[in-house]
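So the chains spell out like this:
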Amino acid sequence: KKKKKKKKSPAANNGLTKGTPSTKAEGRMLTEGSFTDYYVANGQTEPPTIPVVNLFRAEDDKTNPSLPPFPEGEIQEHPLESNVHRISSAELRQNERMQSDLYAKLRHASEVHRQVRHSAQSFIKPGIKLVDMCERLEETNRALVQEHGLERGIGFPTGCSLNHVAAHYTPNVGDDTVLSYDDVMKVDFGTQIDGRIIDCAWTVSFNPKYDPLLEAVKAATNAGIAAAGIDVRLCDVGEAVQEVMESYEVELDGKTYPVKCIRNLNGHSIGPYQIHAGKSVPIVKSDDVTKMEENEIFAIETFGTTGRGYIVEDLECSHYMKNFDAPRVPLRMSRSKNLLAHINKTFGTLAFCRRWLEREDGGSFTVHGGNGKGKQEKYMGALKNLCDVGIVNAYPPLCDVKGSYTAQYEHTLILRPTCKEILSRGDDY
């Protein structure tokens, strides 16, 4: 008898089984029709475990042509009349083809971010301990980016700042804070491929009374993105953001609050292994006439608040980062020398947190293995010493007045010669 040939399943591709997204996102202000498991359509598992590089390829990589290229971000034309020619210029398109390697790295990191955050949106619920949430999100991040020391990994610690705390909070070891129904939490995390960082954030709330606050900040971030472009002055972006943000108000417990921009927080340019690369994008009207330039990468982020609209550093510090232009300082303490060597090897000039130093792998399994060799102990004196001499900077939580509520939305974009590409845009926000 002739053996019947097995028909290949049309859903199977490169050993990947493609599914149909089925879990609708339930978070407030996430786009209607967004699925937290959207990635199963690309062959990803649920929960996600397959490195994104096994699902997509760089556009000019012909080694596995059956894989689709890394997804392109949202495309918008540059504002200003002087930029009208860009979208159809053959010469500028040729310039972009020469940058295909950079675009592939950025799109790779963006797709990792999208899949990680969609997965997180399925388990971030009232009652979860923030430390458990962060560790689960970061483990997914490490798996999908295929963490490999400074080459690929997490861009910076997972921020989960609550209520009046606007930014730079992640739980230290021993912090058992639990997320509640009435909290407003900013989830801000990053991914990086060869130092190309994607910085993207959204706000989680469960009580619909906060919807106008979230809506104001989301709309203001989109206004900032729309205003950004080649030759655009930074002050014009800030003015566009403020105009939208401050047109909203929110009623909480019978009292009406105007939504204010947090005027001393900004968006920023991003460079290789440098999360803040020199240019600040204001979110209020200012006199900064510095212009955005071709091929620059920016994180457009806005913060709205029911408080005074001005933040100060407060509470216990968790975030640290080696100074990008760190001075050469002779260190006397051997503990300081050892900690600096660990930071250089594990994080370089990327941000890190105390929780990572206390992991068995010291922040990177690839670099140190999981046998406890990388774990840092009794390091606080050495860390303070590195901060005191200017080699490492501490970034304490940034807080508005207690009792107020703050919200944040953020996307990373690149000013390509022909258009701007909002790299981190997803179907969620």
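Described in the following lines is the structure provided in the data block. Counting of residues starts from 1 at the beginning of each chain's written sequence and follows it residue by residue. Given that this is a predicted model, residues contribute local features only at a pLDDT of at least 70 and side-chain atom pairs are listed and counted only at 80 or more, while totals for whole chains, interfaces and linings are drawn from all residues. With hydrogens and water stripped out, all remaining heavy atoms of the structure feed into the side-chain values.

### Focus on the sheet that holds strand S5 (residues 165–167)
Here is the rule: Two strands are said to pair when DSSP picks up at least two bridges between them. Helix numbering and strand numbering both begin at the N terminus, where a helix is a DSSP run of H or I of at least 4 residues and a strand a DSSP run of E of at least 2.
Spatially, three strands are ordered S5-S18-S14 in an open sheet, and the strand pairing comes out antiparallel. Looking at strand neighbours, the two that pair on one side only are S5 and strand S14 (312–313), the edges of this open sheet. Note that S5 and strand S18 (residues 398–399) share two bridges and pair antiparallel. The residue of S18 that forms the bridge with valine 165 is cysteine 399.

### A few points about the pairing of strand S7 (residues 196–205)
Counted only if it meets this: Throughout this description, buried means an accessible area under 20% of the type-specific maximum (1.4 Å probe, protein chains only), exposed means over 50%, and partly exposed covers the range between.
Burial within S7 is extensive, with nine of its 10 residues counted as buried. Connecting strand S6 (residues 184–193) to the antiparallel partner S7 that follows it, the hairpin turn spans two residues, and aspartate 194 within it adopts a positive phi of roughly 50°.

### Let's talk about unusual backbone geometry
Following glutamate 46, the chain continues into proline 47 via a peptide bond in cis, with omega recorded as 0°. Secondary-structure assignment places proline 47 in the loop between strand S2 (16–17) and strand S3 (74–76). The phi dihedral of aspartate 194 is positive, around 50°, even though this residue is not glycine. Positive phi is not limited to glycine here, since aspartate 231 has a value of about 70°. When you line up the elements, aspartate 231 lands in the loop between helix H4 (211–227) and helix H5 (234–245). For aspartate 231, a relative accessible area of 34% corresponds to the partly exposed category.

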